[in-house]
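Descriptive analysis of the structure
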Amino acid sequence: MTDIIERITEELVSEGDAVRAAGELEPFVSPLPVPPVLRPGSGDVLQETEIALRPTWVRMHPQLPPTLMWGYGGSVPGPTIEVRRGQRVRIAWTNRIPRESEYPVTAVEVPLRPQGTPPATTEPGRGGVEPNKDVAALPAWSVTHLHGAQTGGGNDGWADNAVGHGDAQLSEYPNDHQAVQWWYHDHAMNITRWNVYAGLYGTYLVRDDEEDALHLPSGEREIPLLLADRNLDTDEDGRLNGRLLHKTVIVQEKNPETGKPVSIPFSGPYTTVNGRIWPYADVDAAWYRFRLVNASNSRVYDLVLVDEDNNVVPGVMHQIGSDGGLLPRPVPVDFDESLPTLTAAPAERFDLLVDFRAFAGRKLRLVNKGPRQEPGVPDPEGGVRYPAVMEFRVRECGDEPGADAFELPAVLSGSFRRLTHDIEHGHRLIVLTPPATKGGGGHPEIWEMAEVEDPGDVQVPMEGVIQLTGPDGKTKTYRRTARTFNDGLGFTIAEGSHEQWSFLNLFPIVHPMHIHLADFQLLGRDAYDVSGFDSAIGGTRAPIAFDPDTQLPLAPNERGYKDVFRVPGGQILRVMGRFDGAYGRFMYHCHLLEHEDMGMMRPFVVMPKEALKFDHGAGHGGHEGHTG
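All values reported here derive from a predicted model rather than from experimental measurement.

**What about the overall build of the protein chain?**
Scanning the protein chain for helices and strands turns up six helices and 40 strands. Relative to the 2.2 N^0.38 estimate, which gives 25 Å for 628 residues, the radius of gyration of the protein chain is 25 Å and therefore close to what a compact globule would have. On the principal axes, the C-alpha backbone points of the protein chain span a range of 95 × 55 × 55 Å. Evaluated residue by residue, the protein chain yields a buried proportion of 58% over its 628 residues. Within the protein chain, residue pairs in contact and separated by at least 24 positions form 78% of the contacts whose partners lie at least 6 positions apart. Of the accessible surface of the protein chain, which amounts to about 25300 Å², a share of 50% is contributed by carbon and sulfur atoms. Once the 58 positive and 88 negative side-chain charges of the protein chain are each reduced to a mean point, those two points are 2 Å apart.

Structure, rendered in structure tokens:
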């Protein structure tokens, strides 16, 4: 008997080694972990709640050895922080990562493969490329941003204000906001991409009476789902060793302006949910509430719910909230023409209700659809080698008669008010440039623009000058006023004022743009012919012109409050929000973390309108960048 057991054990070990050697992990073999819940005391606001950043070992999959990561409170993701509206709390984000700790991320840049072959990012391992020694030498230097929160600039997690071992970042959060899911993550200047990748992220829930009155699924039937893609290194025998691998692809060996290689943002083959690769969740045949956030560096997920045969499952998922809180009404997510997929860009949040009542004894799967294949089918060339995200295993109904009595409300938020262009507001025009633009060093940039009052003073074409023909047929000329993070301050905004920000994307990269402090609503998307922009000049040869023949309706789930907005190429996205509730210096940026670190981030200041009257700058007021 002993010999048989030993032989079976050897076969299982051998089989496991073969799986690890091939980079193939079995999906849906480990349960979904649920982060611990932290409810700060509601008594004395002067009493701080400490959340310590610590090294931790995480078992991302049963077939893998433990992975060294950094976590808030020693867990990945960090604890789910839960507060009531108006409950002011202070958190001491304390860096307890030892000074000489090993940096937990191996970073490499690998060559671009020929077109038509799966990119190297879909596979584990470094392929013999030497790790970046500068990344390996990084210290534990971190600052935490509570993404979505309305709090003063000193509490917001300014990127330069990161702290080292033994120091604490003290932040106060008023939480005077409608019920919402925010999330927190590292925001350290230049290295956010690696710190977040190391595990520094978690979610944050604000509750209020309006949400309570809906009697939504709660307790064990309200589950956070934090999605993040990862890659893993391999040992000398090709086995997965569990080491976090940040592998990006070089698209330009030597940029002529900088002499450095240019790589594209990270994507990885393995999807983690709450820190676990392809987990499963046992659920009852009942309604559930899932609080989903895409915590990835740059991957945009196109999520679809399917059965075990990869058939799409309509009629069971409903979105009830987005970045800024509850939607006015539920939006059915049926994976049809109106919403073919649930598209989630980095940092976007989705409050979802799923009705499992008709699926007792069955399994449903959440998958990431590749651009070239049907849901659930691997699409390596499209960057989706493994479409699995997670599996829901619906329990058989018991003998008890207690059927779930929850009913989907017809109206969710009676307090929601639609913003319109009739509201008094200012305007900003922000241009997102192609990577090859003159002066950009091979990276896309954020250009802040100001309208030229007398275009006759400007010779076109000229670097930093863009002409734009709007829906009214009028052509306006704009000049660039800022392009890098450390350029002079451009936007100074009166607290309490409304502003429309228009993002013009000149290149077919989807940029998820995030503005700190304020909630926004999307006013509309407009198609533009951007062929008149000349990257070699860094300006337009011919005006960028509105395309009246292409209609770009907003998606039904884009009509609530948001703080992250997807801006595809060839579009102007118009958003409006109110900058209220706090003063100080804040940031806006692309939430592709590699783009953010490479320069797609700019500051702005919010101050009392009475003080703004005495401002000596020229970056405020008026209708700068008016695009309708």
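**Some remarks on the sheet that holds strand β5 (residues 89-95)**
Strand order in the open sheet made by the four strands is β3-β2-β5-β8, with mixed pairing throughout. Of all the strands in the sheet, just β3 (67-72) and β8 (168-173) have a single pairing partner and so form its edges. The average angle at which neighbouring strand axes cross in this sheet is 20°, direction not considered. Sheet analysis places β5 next to β8, joined by six bridges and oriented antiparallel.

**A closer look at the packing of aromatic side chains**
The relative placement of two aromatic rings is captured by the distance of their centres and the angle of their planes. Counted under the stated rule, the structure contains 33 aromatic pairs. Between Tyr 173 and Tyr 204, the ring centres sit 6.3 Å apart and the planes meet at 75°, which makes this aromatic pair edge-to-face. On the criterion of sequence distance, the pair formed by Tyr 173 in strand β8 and Tyr 204 in strand β10 (residues 201-207) is long-range, its members being 31 residues apart. Here Tyr 173 and Tyr 204 have matching classes, each one buried. Summarising the aromatic geometry, the rings of Trp 501 and Phe 503 are spaced 6.4 Å apart at their centres and angled 50° between planes, so their arrangement reads as tilted. Of the two residues, Trp 501 and Phe 503, both sit in the buried class. Of the aromatic side chains, those joined through ring pairs into one cluster are Phe 491, Trp 501, Phe 503, Phe 520, Phe 565, Phe 579, Phe 586, Tyr 588 and Phe 604. Here Arg 193 stacks its cationic end above the ring of Trp 194, 4.0 Å away from the centre of that ring.

**Quick word on the pairing of strand β18 (residues 287-294)**
Within β18, eight of the eight residues are buried, which leaves it mostly tucked inside the rest of the structure. Where burial is concerned, the two faces of β18 agree: the one with Trp 287, Arg 289, Arg 291 and Val 293 and the one with Tyr 288, Phe 290, Leu 292 and Asn 294 are both buried. Bridge analysis of strand β11 (residues 222-230) against β18 gives six bridges, and the strand direction is parallel. Following the sheet pairing, Leu 226 is matched in β18 by Val 293.

**Notes on a negative patch on the surface**
Residues Glu 451, Glu 453, Asp 454 and Asp 457 make up a contiguous surface patch of negative charge. Among the structural elements, Glu 453 can be located in the loop between β27 (446-451) and β28 (465-469). A relative accessible area of 83% means that Glu 453 is categorised as exposed.

**Here we look at the sheet that holds strand β37 (residues 564-567)**
If you walk across this open sheet you meet the five strands as β30-β40-β39-β32-β37, and the pairing is mixed. The sheet is open, and its two edges are formed by β30 (491-494) and β37, each paired on a single side. Averaged over all pairs of adjacent strands, the angle between strand axes in this sheet comes to 25°, irrespective of strand direction. When strand β32 (residues 511-515) meets strand β39 (residues 584-590), the two strands line up antiparallel, connected through three bridges. Within the sheet, the bridge partner assigned to Met 513 lies in β39 and is Cys 590.

Criteria and thresholds
- Residues numbered from 1 in each chain as written.
- Predicted model: local features only at pLDDT ≥ 70, side-chain atom pairs only at ≥ 80, totals over all residues.
- Heavy atoms only, no water.
- Helix = DSSP H or I, 4+ residues; strand = E, 2+ residues; numbered from the N terminus.
- Rg over C-alpha atoms; globule rule 2.2 N^0.38 Å.
- Buried < 20%, exposed > 50% of the residue type's maximum accessible area, 1.4 Å probe, protein only.
- Contact = heavy atoms within 4.5 Å.
- Areas by Shrake-Rupley, 256 points an atom, 1.4 Å probe, with all protein chains shown as cover.
- Lys, Arg positive; Asp, Glu negative; His and termini not counted.
- Charge placed at Lys NZ, Arg CZ, Asp CG, Glu CD.
- Pairing = 2+ DSSP bridges.
- Axes fitted to C-alpha atoms, helices over the stretch in contact; angles between N-to-C directions.
- Phe/Tyr/Trp six-rings, centres within 6.5 Å; stacked < 30°, edge-to-face > 60°.
- Lys NZ or Arg CZ within 6 Å of the ring centre and 35° of its normal.
- Patch = residues over 30% accessible without salt bridge, like charges linked within 9 Å, V, L, I, M, F, W, Y side chains within 5 Å.
- Salt bridge = Lys/Arg side-chain N within 4 Å of Asp/Glu carboxyl O.

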